[in-house]
Structures are given as C-alpha cells and as structure tokens.
Amino acid sequence: MRPKFGRATQVLSVIFALAGLGAALAGINSGHQTTPRTGQDGLILLTLGVVYVFVGVCLWIEFLWAWWAGLDLASVVVIADLVLGIHDGGLVVWSAFLALFAASAVQGRHEETR
C-alpha cells in the first residue's frame, strides 16, 4: 500500500518536526539542575527529538518508510496515553494525526485502484 503524499502528509511532516524540536528543547533544558532525579530524561528527550525531526524531514521528502514510521510513532503515543491514563490532551491531538494518516492511506489506496 502506498499512501498519497500530498498536503496532509506535508502537514504531518511539519507536525513531526515541531514535536521533535519541542522534545529536543525540553531535553536540553532538563536535568539535575532543574528537577532532581531526572538526569536521564534529557538524553531520552533529545533522542526522541532527533527521531521525530528525522521522520518529519523524511516525510517531507516523501519516503514511504517514513510514512510507516510516522504512523507507528503516532500510534505508540495514542496507545501509551490510553494505557497509562494520561489526560493532558495528547490523546485527542495525536488521534487527529492518526486520522490524517488514515486519510492519506485511503487517498493513496484510491489512486492505486485507478
């Protein structure tokens, strides 16, 4: 299955890049000096930031594997929010991004059948 790389996918790529930049900035500004016992959070957030920015750039370039990676990352966020019971609004936002992925998949599927 090949998704349609159009405006929806470009919007998703920008979202992933912004989420990555946000995670990276949070990683840079975290650590022992701001919150005790959070020494490893910075490295984790920096890693997440790099991954999200990389996927966002590759979505913009229209790599098929990046579409699948973005779908997986968005799914993990939604599933983690549901399982952990996190009520910060992320579930709604990332569910909307999953809907954009679904729209992209349906459009691509429609073009394949032509």
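The following paragraphs examine the structure supplied in this document.

Reading the values: the criteria
Think of each chain on its own: its residues are numbered from 1, step by step along the sequence as written. Note on the predicted model: pLDDT of at least 70 is required for a residue's local features to be given, and 80 or more for side-chain atom pairs to be given and counted; whole-chain, interface and lining totals, by contrast, use all residues. Hydrogens are left out, water is left out, and the side-chain values use all remaining heavy atoms of the structure. The helix and strand labels rest on DSSP assignments: H or I over at least four residues marks a helix, E over at least two residues marks a strand, and numbering proceeds from the N terminus. To estimate how far a helix should reach, multiply one less than its number of residues by 1.5 Å. Note on exposure labels: buried denotes an accessible area under 20% of the residue type's maximum, exposed denotes more than 50%, and partly exposed covers the range between, all computed with a 1.4 Å probe on protein chains only. What the arc describes is the spread of directions from the helix axis to the C-beta atoms. Only buried Ala, Val, Leu, Ile, Met, Phe, Trp, Tyr and Cys residues count toward a nonpolar core, and they belong to the same one when joined by side-chain atoms within 4.5 Å. Throughout, a residue-residue contact means that at least one pair of heavy atoms, one from each residue, lies within 4.5 Å.

On to helix α1 (residues 7-28). A turn of α-helix holds 3.6 residues, and therefore any two residues three or four places apart point the same way. Given a rise of 1.5 Å per residue, 22 residues ought to cover 32 Å, and the 32 Å separating the end C-alpha atoms of α1 matches this to within 8%. Along α1, the positions that sit buried rather than exposed are T9, L12, S13, I15, F16, G20, A23, A24 and G27. An end-on view of α1 places all buried positions within 165° of arc, on one side of the element. Away from the buried face of α1 by more than 90 degrees, exposed residues R7, L18, L25 and I28 are located.

What follows is about the nonpolar core. Of all hydrophobic cores here, the largest spans 18 residues; its most connected members are F16, L59, W67, W94 and F101. Within the residue set of this core, elements represented by two or more residues are α1, α2 (41-60), α3 (64-84) and α4 (90-113). The element that contributes the greatest number of residues to this core is α3, accounting for six residues. Once you skip the residues sitting within four places of it in the chain, F101 turns out to touch L12, F16, W67, G70, L71 and A74.

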